[in-house]
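Descriptive structure summary
Spelled out from the first residue to the last, the chains are:
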Amino acid sequence: MNEWKKLNQKIASQSLKKKWAISSAAVIFLSFATMSIILYVALKGWLYQQEEQEVNRTMQDLTAFFESQGPFLTVQDIQSNTGLMKSIVDKDQTVRLLNADGIEVLQINNTSTFKAFKDIDVPEEGYALNDYDNSSISAIGNVRLGRFKGYIQLEHPLKSFQSTKTYILTAMLLFSVCALLLSGWIGYILASYLLKPLKDLKMTMDDVVAHGFEKELTISYDAKDEIGELIIVYESMMAKLKYSFEQQQQFMADASHELRTPIQVVEGHLSLLNRWGKDDPEILEESLGISLREVHQMKTLVDEMLELARGEQMKAQPPTNILEQTEEVIEELVQVYPTAYIEHKIPIDRSLHVLISSNAYQQIMRNLLINAIRYSTEPARVHISYERKTKYIIVHVQDQGIGIDPQHETKIFDRFYRVDMARSRDLGGSGLGLSIVKMLVENARGSITVKSELGKGSTFSLVLPLIE
């Protein structure tokens, strides 16, 4: 068992190219060897049948010749039959004529030795073939020359058969070895050619390990086979990883920048208080107020960052009636922004259920409505409407605010992105609100778009799939 385990480990440690070459060579060799064995057995049987037919033909000719001559057969008569004699000599056969007691009377072409007559089974009629060993085929039968009754015996050597069989076996073994070597070599060449894309893929992975995403990840392979599909999946995966990595780097840089500003402000005011401001009640109150505001800003930023990180891992969501959740958010915000006017146009069908948690949907609407109120001139006016389709619902949140320049519309959902005039720190934004909205919407298998015009306002359209 241990030896078998070691063998498996040794095979597993080999390269895919070697495994492919060895396995293809083994399969081709075994196939060729099996076919060769079948062919060898078939040829051997066919050749042996040919030898038996030669013996039968000679025995028939001899029996017919002797019986046709009658009791007056002489040696000259036998010698005069040149065709029969030439056939016996060419086939290296030996023939002898025996009397009824098994005593030899006549022998033709003395090239073989005969088995003792007493050890031979002689049929009562005709003749019989015997192959006592692999060196020859023996035949013995009855013959009658007038009143003379005896036996005719033939010894047919199998030298030609054995040599032909040996030649065929040697040739097949030689061809098998050549087939093994040739198939192994061809298998190795094919493996090198077919596995080249995988080798390029490995080198690309090594470059990523050594240099990160600094180098361009390109593999030139246009075939639409399994390797091509693997490379497409790999390139897609690496593109997503590269994008995630760049987003992470940008996230860390932006987060550091966002946290540095309030920390510097708090540090500055604490230093001021430490030097002399603590003795001045007015400066003390002002510095503490600014510091508390900046600390609150940092707390909000950290909470939103954690929410964003947690939300990216959300999977299954329970169904939610979005109309009810929207009404709850409106009731909450009118208390915070009493001067704002939020118009909620409720559709006739109030059963709008979406596969999203109530907390997530409320956070989406809260962020959209707060942005609409913050970036509108007093008094803020926000309009919420619904557009129902067969399998999804579109929620429109429209404001009459300052609007967004078209060149910024595609970037406002990026983390920490702010439009200079519409996302300033003076309004308390962290640049993460719309990123959280987009993340929560995509977790619910929806989408969000924005249409805006400078000075006239913006409309955010939230598309969510409905469930029964």
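It should be noted that the structure appears before, not after, this text.
Now for a look at the structure at hand. (Residues numbered from 1 in each chain as written. Predicted model: local features only at pLDDT ≥ 70, side-chain atom pairs only at ≥ 80, totals over all residues. Heavy atoms only, no water.)

**Comments concerning the overall build of the protein**
A tally of regular secondary structure across the protein gives 11 helices and 12 strands. Across the protein, the fraction of contacts at a sequence separation of at least 24, relative to all contacts at a separation of at least 6, is 63%. By element, 57% of the accessible surface of the protein is carried by carbon and sulfur atoms, the whole surface being about 28900 Å². (Helix = DSSP H or I, 4+ residues; strand = E, 2+ residues; numbered from the N terminus. Contact = heavy atoms within 4.5 Å. Areas by Shrake-Rupley, 256 points an atom, 1.4 Å probe, with all protein chains shown as cover.)

**A few points about the sheet that holds strand β9 (residues 381–388)**
Judged by pairing direction, the sheet is mixed, and its 5 strands sit side by side in the order β7-β9-β10-β12-β11 without closing on themselves. Because the sheet does not close on itself, it has two edges, and the strands there are β7 (341–344) and β11 (447–453). In this sheet, neighbouring strand axes are inclined to one another by 15 degrees on average, regardless of whether the strands run parallel or antiparallel. Examined bridge by bridge, β7 and β9 share 4 bridges and lie parallel to one another. Bridge pairing links Y341 to R381 in β9. (Pairing = 2+ DSSP bridges. Axes fitted to C-alpha atoms, helices over the stretch in contact; angles between N-to-C directions.)

**A closer look at the pattern of salt bridges**
By the definition in use, this model includes 7 salt bridges. The partner of E54 in a salt bridge is K91, and the shortest N-O contact between them spans 2.5 Å. Here E54, found in helix α2 (residues 16–69), pairs with K91, found in the loop between α4 (82–90) and β1 (94–98); they are 37 residues apart in sequence, far enough to count as distant. On the basis of relative accessible area, E54 is assigned to the partly exposed category, the value being 23%. Each of E54, R57 and K91 takes part in a single network of salt bridges with overlapping partners. (Salt bridge = Lys/Arg side-chain N within 4 Å of Asp/Glu carboxyl O. Buried < 20%, exposed > 50% of the residue type's maximum accessible area, 1.4 Å probe, protein only.)

**A short note on helix α9 (residues 322–336)**
Here α9 contains 15 residues, and its C-alpha end-to-end distance of 21 Å stays within 8% of the 21 Å for a straight helix at 1.5 Å per residue. I322, L323, Q325, T326, V329, I330 and L333 are the residues of α9 that are buried. The arc that holds the buried residues of α9, viewed along the axis, is 155 degrees, so those residues lie on one side. In this structure, α9 carries E331 and Q335 as exposed residues pointing more than 90 degrees from its buried face. The residue sitting at the N-terminus of α9 and contributing the capping side-chain oxygen is N321; that oxygen lies 3.1 Å from the backbone nitrogen of L323. (Expected span 1.5 Å × (residues − 1). Arc of directions from axis to C-beta. Polar contact = N/O pair within 3.5 Å; in protein donor to acceptor, adjacent residues only side chain to side chain.)

Distances and angles like these do not, on their own, reveal function.
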